[in-house]
Amino acid sequence: MARNPAARTAFGPMLLAAVEQNEPPDRRLVDDDLAELFLPAPLRWLAAATQVRAIRRALIGASELTGRGLWANLACRKRFIGDKLAEAADQIDAVVILGAGLDTRAYQLNRRIRRPVFEVDLPVNVARKAKTVRRVLGELPLSVRLVALNFEQDDLLTALAEHGYRTDYRVFLIWEGVTQYLTEDAVRTTLDGLRPTAPGSHMVFSYVRRDFIDGTNLYGSRTLYRSVRKRQQLWHFGIQPEEIASFLEEYGWRLIEQVGPDDLVARYVGPTGRKLSASQIEWSAYAEKV
């Protein structure tokens, strides 16, 4: 188990994806047949136990005690990112996943198309990912490159280039559930380092509202705030939805679409008939490099 508290957050989203596989197909928010396999043994056992509906409902209910609405947020943002990647698949040369954790997207993508995928994360997570992929798949696919990097200290473009990344790639950048763990300096440095990204590239990312980070509005998530801002001080960066377009424009990106929690629930949860609400603290944005 990683000692870095931020590194440990890699497990939660994949447990969610694994548990969602036990929902009937018409009620499932995420499709990911690799998710359970990528988990460490104790979490694989927990995910398997949720084949029992009562246990599954209990686990989802327990997650609401920590952060009300976060289950729907995490599931829906994965769907949103997947939809945008599918739409852009024929227009891109490579995929870069910033803060990849145990995410399986690169390995699902490898089944359909063989474009290079660069998975960027902390060294401890990259080492865990390499070990996990070899356990599950036997070897790392040739199209996937694992890039160890500390966003607070290292140069992103240099690290990518060392693994074969080229700035003339039209790239699809995924920055999911990461920005809140970084300082504003690290977020800005990352975007600044991506300035050479080729026009026509796309980026999709999630972010937490600044008014939650600074404690102005807790959106009914006092327990979560105490955990991520008081006790562990895990979350640092936040921004308001109305500021996103101008913020991205500073670094050469044009905002195409922004979706809040209510939009995501209507788009993805509503058709399933499930009664899940989403937290108001997290939003997602989709942009194009100009």
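Anything mentioned here points back to the structure above.
Just so you know, these numbers come straight off a predicted model, no measurement behind them. All residue numbers refer to positions counted from 1 along the written sequence of the respective chain. Note on the predicted model: pLDDT of at least 70 is required for a residue's local features to be given, and 80 or more for side-chain atom pairs to be given and counted; whole-chain, interface and lining totals, by contrast, use all residues. Values reported for side chains reflect all heavy atoms of the structure, with hydrogen atoms and water molecules removed beforehand.

1. Some details on the nonpolar core
Part 1: Put simply, buried Ala, Val, Leu, Ile, Met, Phe, Trp, Tyr and Cys residues joined by side-chain atoms within 4.5 Å make one nonpolar core. When accessible area is computed with a 1.4 Å probe and restricted to protein chains, residues below 20% of their type maximum are described as buried, those above 50% as exposed, and intermediate ones as partly exposed. Residues Phe80, Val95, Tyr107, Phe172, Ile174, Val204 and Leu276 are the most contacted members of the largest nonpolar core, which totals 50 residues.
Part 2: Sorting elements by how many residues they give to this core places helix H5 (residues 70-88) first, with nine residues.
Part 3: Contact between two residues is taken to exist if any of their heavy atoms lie within 4.5 Å; hydrogens are not considered. Once residues lying within four places of it in the same chain are set aside, the contact partners of Phe80 are Val204, Glu257, Val259, Leu264, Arg267, Tyr268, Ser284 and Tyr286.
Part 4: Counting residues in each nonpolar core, the second largest holds 35 residues, with Val147, Leu182, Leu191 and Ala287 among its members. To qualify as a helix, a DSSP run of H or I must reach at least 4 residues; to qualify as a strand, a run of E must reach at least 2; elements of each kind are numbered from the N terminus.

2. Observations concerning the pairing of strand E7 (residues 282-289)
Walk down a regular strand and you will see the side chains alternate between the two sheet faces.
Part 1: Most of E7 sits inside the fold, with seven of its eight residues counted as buried.
Part 2: Bridge count for strand E5 (residues 202-208) against E7 is seven bridges, and the pairing is antiparallel. By the bridge assignment, Phe205 is partnered in E7 with Ala285.
Part 3: By the bridge criterion, six bridges tie strand E6 (residues 253-259) to E7 in an arrangement that is antiparallel. Within E7, the position partnered with Arg254 by the bridge is Glu288. Between any two strands, pairing holds if DSSP finds at least two bridges.

3. Side note on the environment of Lys129
Part 1: With respect to the helices and strands, Lys129 occurs in helix H7 (residues 123-137).
Part 2: Between the alpha carbons of Lys129 and Phe38 there is a distance of 8.5 Å; along the sequence they are 91 residues apart.
Part 3: The residues touching Lys129, leaving out its near neighbours within four places in the chain, are Phe38, Ala100, Gly101, Leu102, Asp103, Tyr107, Glu119 and Leu146.

4. Observations regarding the packing of helix H2 (residues 11-20) against helix H3 (residues 41-49)
Part 1: Note on geometry: axes are C-alpha line fits, over the in-contact stretch for helices, and angles between N-to-C directions span 0 to 180 degrees. Look at H2 against H3: their axes get within 9 Å of each other, and the N-to-C directions meet at 30°. Comparing their axes, H3 and H2 come out roughly parallel. Crossing geometry of H2 relative to H3 is assigned as right-handed. Judged by residue contacts, Phe11, Leu15, Ala18 and Val19 of H2 engage Leu43, Leu46 and Ala47 from H3.
Part 2: Note that Gly is not counted as nonpolar here; it falls among the polar residues with everything else outside the nonpolar set of Ala, Val, Leu, Ile, Met, Phe, Trp, Tyr, Cys and Pro and the charged set of Asp, Glu, Lys and Arg. Looking at the contact of H2 with H3 residue by residue, the classes come out as seven nonpolar, no polar and no charged. For classification purposes, angles smaller than 35 degrees are called roughly parallel, those larger than 145 roughly antiparallel, those between 65 and 115 roughly perpendicular, and all remaining angles oblique. Left-handed describes a crossing whose near helix is turned anticlockwise from the far helix by less than a right angle; the clockwise case is right-handed.

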